[in-house]
Amino acid sequence: MTQSFDLIIVGAGIVGAACAAECAAAGLKTLVLDRGILGGGTTGAGMGHIVVMDDSEAQFALTEYSRRLWLQLRDQLSADVEYEVCGTLWVAADDEEMAEARRKEKYYAARNSRVEILDGQAVRRAEPNLRAGLAGGLRVVDDGVVYPPCAARFLMDTARRHGAEFRAGAAVRALLPEGGVALADGSRISAERSLNATGPWSPELTPGLPVRKRKGHLLITDRYPGFVHHQIVELGYLKSAHSVSKDSVAFNIQPRQTGQMLIGSSRQYDALGAEVDHDILTRMLARAVEYLPALATLSATRVWTGHRAATPDKLPLIGPSIDHDRVWLASGHEGLGITTSIGTGRLVADMLLGRKTEIPAEAYAPSRFVNYSPAHG
Ligand SMILES: Cc1cc2nc3c(=O)[nH]c(=O)nc-3n(C[C@H](O)[C@H](O)[C@H](O)COP(=O)(O)OP(=O)(O)OC[C@H]3O[C@@H](n4cnc5c(N)ncnc54)[C@H](O)[C@@H]3O)c2cc1C
């Protein structure tokens, strides 16, 4: 065994980086290890939408808390994080989706989240490139976007300023029950605790963890400044994102500061490779063109894929693992890990230090899966 740390974080995606920033700032002697590079996993493949979602009370609580923390950080973030509070525009194609927009409006407003209902004409005024005839939409005013790789780097720089150490190219083979880690090169590093923040790969280090890889495709366009102004998402997205059995696509577009647009998104289980699936990509783009017909005339520069870390109840796993109280988890953030990284980091630091958490954390405890069996999941 060499050296000793209070905490070893395995995984330098945005979740590991956010945990490192908070734990180092709280005074813990922190080491972060990644077998690749900072932000080179799902974080580098993600979209960077900072979004409050209401699939469950616990999901709303963590996304809203995290968005608040992003807003508080706003003035300190470096320019390359490209944080823009552009708002989310949820568009409703028909009356059924408009009813969903109204339900969401009530839910968010009752929890002090700023929202605004738009009729069909107001939606076109807000986003003139949307097709005519949409029923309306909902604007979530304080949602925004960041550029995930630079956001992760900013958080890791914060951790380093507070004394944390980061080692790239350090593959971990096992998390030791007594707290440290065993590296793939045969060496060991001791620590009071370890934290598995390896996202979609977390079951490799914590066998039996209820985390599945859920593949997504993204496409980025050339530069067309002002083509869209909000992150625009179809309300039909909620149906497809919630489907746990089928492959799905939904219209989701994000304006970047460069004038480029990121277009998503797809969801597939049991597609473990990184290759682009052209059927899915074609469906995804056809869906986007249905909403923004002029997109068909623009050019794209690149397409890529990434894997989300999905749990059966769509909530992350934050806290001590079921089997070993010195092995902690910060994983399973599915399609919300850029948003919730920062809230996760704060919860982990508060729990490790025995401080009261600012939002209840029980809903994210890995122990909720103590009797989990994949057959029932
Ligand atoms: C297409 C797509 C779009 C998305 N859009 C959004 C969005 O708009 N908003 C949002 O909030 N979220 C979004 N997400 C989700 C978000 O990207 C993820 O939830 C988030 O990046 C997860 O971060 P992480 O740090 O947990 O994992 P990762 O970024 O995957 O980091 C895990 C790290 O662990 C390392 N690692 C793995 N195994 C080991 C080992 N044995 N030893 C050492 N290191 C190891 C890997 O190298 C990797 O760097 C999207 C995801 C996808 C795929």
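Since this is a predicted model, take the numbers as computed values, not measurements.

K.L.:
Any details on the overall build of the protein? Residues and values, ideally.
P.N.:
A tally of helices and strands in the protein yields 10 helices and 18 strands. Computed over its C-alpha atoms, the radius of gyration of the protein comes to 20 Å, within 12% of the 21 Å expected for a compact globule of 377 residues. By principal-axis analysis of the C-alpha atoms, the protein measures approximately 65 × 45 × 40 Å. Counting across all 377 residues of the protein, residues that qualify as buried make up 57%. For the protein, the accessible area works out to roughly 15,400 Å², and carbon and sulfur atoms hold 50% of it.

K.L.:
Account for the state of the cysteines, with residues named and values stated.
P.N.:
Scanning the entire structure with this criterion turns up 0 disulfides. Looking at Cys19, it has no disulfide partner, and the nearest cysteine sulfur is the one in Cys23, 6.0 Å off. The structure places no disulfide on Cys150, whose sulfur is separated from the nearest cysteine sulfur, that of Cys86, by 17 Å.

K.L.:
Describe the site of the ligand, naming the residues involved and giving the relevant values.
P.N.:
By nearness alone, 38 residues border the ligand, and Asp34, Thr42, Thr43, His49 and Thr339 come closest of all. For the ligand, a nitrogen atom lies 3.1 Å from a polar atom in the backbone of Met47. Gly48 is positioned with one of its backbone polar atoms (N or O) 3.3 Å from an oxygen atom of the ligand. Protein chains bury 96% of the 1,000 Å² of accessible surface belonging to the ligand in isolation. Looking at the shell around the ligand, the elements with two or more residues in it are α1 (14–25), α2 (42–45), β12 (212–221), β16 (300–310) and α10 (337–352). Its residues placed into classes, the shell around the ligand shows 16 nonpolar, 18 polar and 4 charged.

K.L.:
A description of the pattern of salt bridges should follow, citing residues and the corresponding values.
P.N.:
Using the criterion set out here, one finds 26 salt bridges in the structure. One salt bridge in this structure joins Asp143 and Arg67, with 2.8 Å as the shortest N-O distance. With a gap of 76 residues between them, Asp143 in the loop between β6 (136–140) and β7 (144–145) and Arg67 in helix α3 (residues 57–73) connect regions that are remote in the sequence. In this structure, Arg114 and Asp142 form a salt bridge, with 2.7 Å as the shortest nitrogen-oxygen distance. Note that Arg114 is positioned in the loop between α4 (95–110) and β5 (115–119) and Asp142 in the loop between β6 and β7, a separation of 28 residues in sequence. Given a relative accessible area of 14%, Asp142 falls into the buried group.

Criteria and cut-off values
- Residues numbered from 1 in each chain as written.
- Predicted model: local features only at pLDDT ≥ 70, side-chain atom pairs only at ≥ 80, totals over all residues.
- Heavy atoms only, no water.
- Helix = DSSP H or I, 4+ residues; strand = E, 2+ residues; numbered from the N terminus.
- Rg over C-alpha atoms; globule rule 2.2 N^0.38 Å.
- Buried < 20%, exposed > 50% of the residue type's maximum accessible area, 1.4 Å probe, protein only.
- Areas by Shrake-Rupley, 256 points an atom, 1.4 Å probe, with all protein chains shown as cover.
- Disulfide = S-S within 2.5 Å.
- Near = heavy atom within 4 Å.
- Polar contact = N/O pair within 3.5 Å; in protein donor to acceptor, adjacent residues only side chain to side chain.
- Nonpolar A, V, L, I, M, F, W, Y, C, P; charged D, E, K, R; others polar.
- Salt bridge = Lys/Arg side-chain N within 4 Å of Asp/Glu carboxyl O.

Everything listed is a geometric property; what it means functionally is a separate question.
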